[in-house]
Every structure is written in C-alpha cells, then in structure tokens.
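Residue-level structural notes
Okay, here's what each chain looks like letter by letter:
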Amino acid sequence: MSVEEINGARTPIDQIMLEKIRADFPILGLQVSGKPLVYLDNAASSHMPQAVIDRIVRYQTQEHSNIHRAVHYLSELATREFEEARVKVQHFLKAKESREIIFTRGTTEAINLVMHGYGRSFIGKGDEIILSGLEHHANIVPWQMLAQEKGAVLRVIPMNDAGELLIDEFEALFNSKTKFLALSHVSNALGTINPVKQMVAYAHKHGVPVLLDGAQAAPHQPLDMQDLDCDFYAFSGHKMCGPTGIGVLYGKAQLLEKMQPYQGGGDMILSVTFEKTTYNVIPAKFEAGTPPIMAAIALGAAIDYLNGIGLAGIELYEKELLDYATMRVSALPGVRIIGTAKKKAAVLSFEIKGVHPHDVGTILNSDGIAIRTGHHCAQPVMQRFHVPATARASFAFYNTKQEIDKLIDGIRKVQEMFS
Amino acid sequence: MTDMRQLYQEVILDHNRKPRNFGSILGANRHAEGHNPLCGDHIKLSMNLLDDRIETIAFEGEGCAICKASASMMTGAVKGKSVRDAETLVEEFRGMATGTFDPDNQNSHLGRLKIFAGVKDLPSRVKCAILPWHTLHAALHAGCSVSTEGEADPAPGTTIGE
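Residues numbered from 1 in each chain as written. Chains lettered and ligands numbered in written order. Predicted model: local features only at pLDDT ≥ 70, side-chain atom pairs only at ≥ 80, totals over all residues.

1. Digging into the overall build of chain B
- Looking only at helices and strands, one finds 4 helices and 4 strands in chain B.
- In chain B, the succession of helices and strands from N to C terminus is α-β-β-β-α-α-α-β.
- Taking all contacts inside chain B whose residues are at least 6 apart in sequence as the whole, residues at least 24 apart take part in 59%. (Helix = DSSP H or I, 4+ residues; strand = E, 2+ residues; numbered from the N terminus. Contact = placed C-beta atoms within 7 Å.)

Here's what the structure looks like:
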C-alpha cells in the first residue's frame, strides 16, 4: 500500500469499528470512583492500544540493546528497528528524507532544539520573532529566553473573541527585522485550527522560516510537510497513542545542516580530539547520547496503528464528536464555551457560571469523568478571555457520544450542587 | 471519596456563595497574600492585631469553592482568638488536610472546620483548602506572600521579559 492509500483511508468510524477500537485500549475498561472511566483528557495525553504495549514488551524481551554502536546481533536489530521507526515518521509526515526526522524527548525539546540550534545562530539584536496569542508555554518561553539573550523582540499575533488569529494583523507584523515565525498548528487550550499553510506561505514571501507546533494536530489529521511547506514541525508521541519521552522534530535538510548542535555527546560526532570535534551528519548531529530507543520504536507502532484506522477517518469522526459535544454543551444554560473558531479540532473549553473549574473537575471525577482544569499551560490565552482557568474536554477517536452524554449529565450535577 | 456531597456539603457551598468577612479592612496592621499559580486561587488577607489578639480579619480574592469556603470559615474561627490559639488551628487544619491529624481527636480544636476533612483523599485539592491558612500564618508573622503550590514555598522565581 502506498503512503497515500494508508493516510487517506476513507473508512468512516462506525459503531462496529468503534467497538473494535475501544477493545484495543485496555485502560478504557478501567473503573474510576466505581464508575466506568470516561477519558476526555486526550489533549493532555492519549492512551495506548494493546498493539503498542505489545511492541514495547517485544522490544524489551527480545530486541533491546544500545544502537549505532556494537556489531553484535541485538545492537544491529535494535538499530534497524529504531531507524525503521524514523522511516515510519518520515512517511507519516510525508517528509522528503528520513534524515529530516530528529527524535527528541517531546514537542518541548524539539522547540528548544530549534531555538538553540537555529535561533542562537541566526537571530540577533533587534531582530523580531513572531508568535501567536494562542501558543502553549512551550512555544513562548524558549523564544522569550532567546529574545532576552540576544536582545531580540517578540511580536504577538492577536486573536478575535472566537479564538481565531487575525490574519490582517499577522501580515502587518512583518518587516525587514522579522527573522522567525513560531506558531501552533492547533491550539491546545481552545482547539482552533490555524490556517497554517496560508501563514507559512506569507512568511516565506518575506524569507522568514516557520516552526509549527503540531502537538495537538499530529494525532487528529493527516499531515503533509510538502503541502504545508513549513521549515520545522514538532510533535509528541504520547498524545498520539505512543509513550511519553519521545517526540519528533521535522526540519528541512538544508536548514538542519546549517544549524548548530543542541547537545554535545556520543553519537553526534564523527571524531573527537581534545583540540577539535567534527560533528556527525543529520539526524545524528542532533541526537546526542543514547536515545529513547524503546519509545521511538513504540511511536512507530503507534503510527502503524493510527494508519490502520486512517487519519482521515479519525479526523471526520472526531469532528462529529466535537460537533455533538458543542451542540449539547451550548444548549445548557449557564455554560459558556471558550473558543468558538469556525475550524476546530477535538477540544472543548468551557466555564460554568459561578463554579470554579477545579470544583467542576473534582465533581466530574467522582463520576469517573476525566477532564483537564486549569490554564492548560497557555496563560496568555486565559488572560485574553479574562478567565483564571477553564474546564477542557478533549476527544480522541476512541471516545463515544454516550461518553459526551455522561459529561453533560455531570455538568448538570455540578450546576445542581452549586445552585 | 466517591460521594462528592461529603466534601461539597451545604455549609461549604453556602460559604462559597456568601463568603463571610469578605472585603478588606481599612487601616489594618497586618496583610498577607497567598496564591496557587496552577489553579489561579488568590487570597488577600487583612487584619488588626491588638494585644496579641485578632480583633478583625477579612479576606478577598478569587478561588474555587473549597478555597473560598475555607477562607470564609477560617476568618470566623480565628476572629477574637489569640495569636497562639490561631496558630494551633493553622497547625491542626493543615494536619487534617494532609492526613496527619485526626480532627476527631479529643484534643482537636477544629470544631465545624472538620467538614474539610474529606480533602485529604483528594491530593490535588489539598492546597486549595490550605491556602487561606498559610496566608493567615504569614500575616501573623508580619505578612508576606505565600504559595501552597506543590505544598512547598517555591524559591523566588526569575523573571523573563518585561
């Protein structure tokens, strides 16, 4: 099967398929507070299907060794599986070459890698970095650190009351000092899907490279680096059915080649003397030390699993879940949805009038319902909407409309208690 | 705790809706502020200490029901008390919320404050209940800013940017 066929699988997720999918996730059978778990915190971290768990067990019981080093059987096997995982990620992103895929600890480390490897060499005093008002702290703080070190300036794309970026204002931010654009593909706090293809094209007209934070996009829709044409793309394994401790930085080869290494150590060198070190070629240049081998291989298995269902089908089904949840929550008096962009991924942030989100979260938990409450590591978004925190339900393809009904019942119960 | 009504009792919900001693005291001789950055809970405490006794006390701020009710009932409980007796309550309340002090112990002074005993089963909410009491402790000791995030006062942070 070609990559096109895999990613473009048109199979819609119907009731029969949904039951099969749910049976793949052992944790979904868990009871919490004596009730069946209703897991609606997928934007924070998703769960792992048995196939990925089995892959981890197989690796640890039959394949583990350090990679890129010894000539023995296990080392060669582990190296081959690790590099195959890299190729799986390459196909998942439709990257041109596997050397454009760098394994990191997660999205945060991937962004920090770009800040250190690219930013510190190519962004200087008085230069401007454009970010959006929707960013997660992971795509704000590294750039703030760089700006402080170099005397560069951060410029922020504002948004409207729906949580959509203002494209005219975005375009007006560009000038001769603009050196970088760091932007979320999908907002973790509000679910807004940004028009990134259009924004990347505009930045490129000004010769400005673009990093997309794809942590909330990668699990939910097919991705195509050739179509998006971004220069860097970052995401995490644990938000897409893989384990924690593994993430990916995609970068265009010609940019990665001219960047400085992020960390020094083993594997990232060709030769070392006390006088001089010659760095390895990409991707090894950016993978100092022993990488999370098991986690990378498990991420490869998670990609296989998602491809088996089809990202296009996942996107369609999650849209159906989001539309249903939006319709049901909007019908509740005293509940306000925060983030009402026309294009949204499976995130529903809301507040219940007169009830703090933490009380909402605690009471829902007593019915086995897991949501996130807090500022979602996006305090500027909270400030923009004048709330200290929100309650956030976020969906995955293994969630059901019945679970959304339980959320609605839970919200009603909260309102009753606080009335 | 599976039945939330054990924690969210009518008394707590009522103090959340109509917090007592809410506001600030003009000319107060003691002030302290407490906040939990993670939740956004924020309490400002003002009081008048006279001859080692809490003459008046008031609080204002934003927070969840647990935090607000705890602050409201705390102000009622310590008004008129000596610094020493107030400190005993701070210690006992903290112990109860973290599970190291039995509020039904015969030496307990907690009285009605026992209704917060249930938070000990909700580790993520312990800090909400304790925040007003930490703030009171700070106010009694000349006043400063406190946080119960992670149940330890963080080291002074480094500020990036403006």
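2. Quick word on the pairing of strand β7 (residues 178–184) of chain A
Residues and elements named next belong to chain A.
- Among the 7 residues in β7, 6 count as buried, and that is most of the element.
- Pairing of β7 with strand β8 (residues 210–213) involves 4 bridges; the strand directions are parallel. Directly across from A182, in β8, lies its bridge partner L211.
- Each parallel crossover has a hand, and for β7 linked through helix α8 (residues 196–205) to β8 it is right-handed. (Buried ≥ 20, exposed ≤ 12 C-beta atoms within 10 Å, placed from the backbone. Pairing = 2+ DSSP bridges. Right-handed = clockwise from strand over helix to strand, strands pointing away.)

3. Concerning the sheet that holds β8 of chain A
Residue and element names in this part refer to chain A.
- Strand order in this open sheet of 7 strands is β4-β10-β9-β8-β7-β5-β6, and the pairing throughout is mixed. Edge positions in the sheet fall to β4 (101–104) and β6 (153–157), since each of these pairs with one other strand and no more. Here the strands of the sheet are splayed against their neighbours by 20° on average, with no regard to which way each runs.
- This element, helix α5 (residues 107–122), spans β4, β7, β8, β9 (232–236) and β10 (247–251) of the sheet and lies at about 35° to β10.
- Contacting β5 (128–132), β6 and β7, helix α6 (residues 141–150) runs over the sheet at an angle of about 145° to β6. (Axes fitted to C-alpha atoms, helices over the stretch in contact; angles between N-to-C directions.)

4. Examining the sheet that holds strand β17 (residues 390–394) of chain A
All names here are of chain A.
- Taken in spatial order, the 4 strands make up an open sheet running β13-β14-β17-β16, and their pairing is antiparallel. Only two strands of the sheet have a single neighbouring strand rather than two, namely β13 (335–338) and β16 (372–374). Here the strands of the sheet are splayed against their neighbours by 30° on average, with no regard to which way each runs.
- The pairing of strand β14 (residues 347–352) with β17 spans 4 bridges and is classified as antiparallel. If you follow V347 over to β17, its bridge partner there is S394.
- Packing against the sheet, helix α12 (residues 311–330) makes contact with β13, β14 and β17, and its axis sits at approximately 10° to β14.

5. Details of the confidence of the model for chain B
Residue and element names in this part refer to chain B.
- Looking at chain B as a whole, the pLDDT averages 87, with 87% of positions reaching at least 70.
- Below pLDDT 50 for its whole length, residues 151–158 participates in 5 contacts with residues either more than four positions away or in separate chains.
- Taken together, the chains of this predicted complex give a pTM of 0.91 and an interface ipTM of 0.84. (pLDDT = per-residue confidence, 0-100.)

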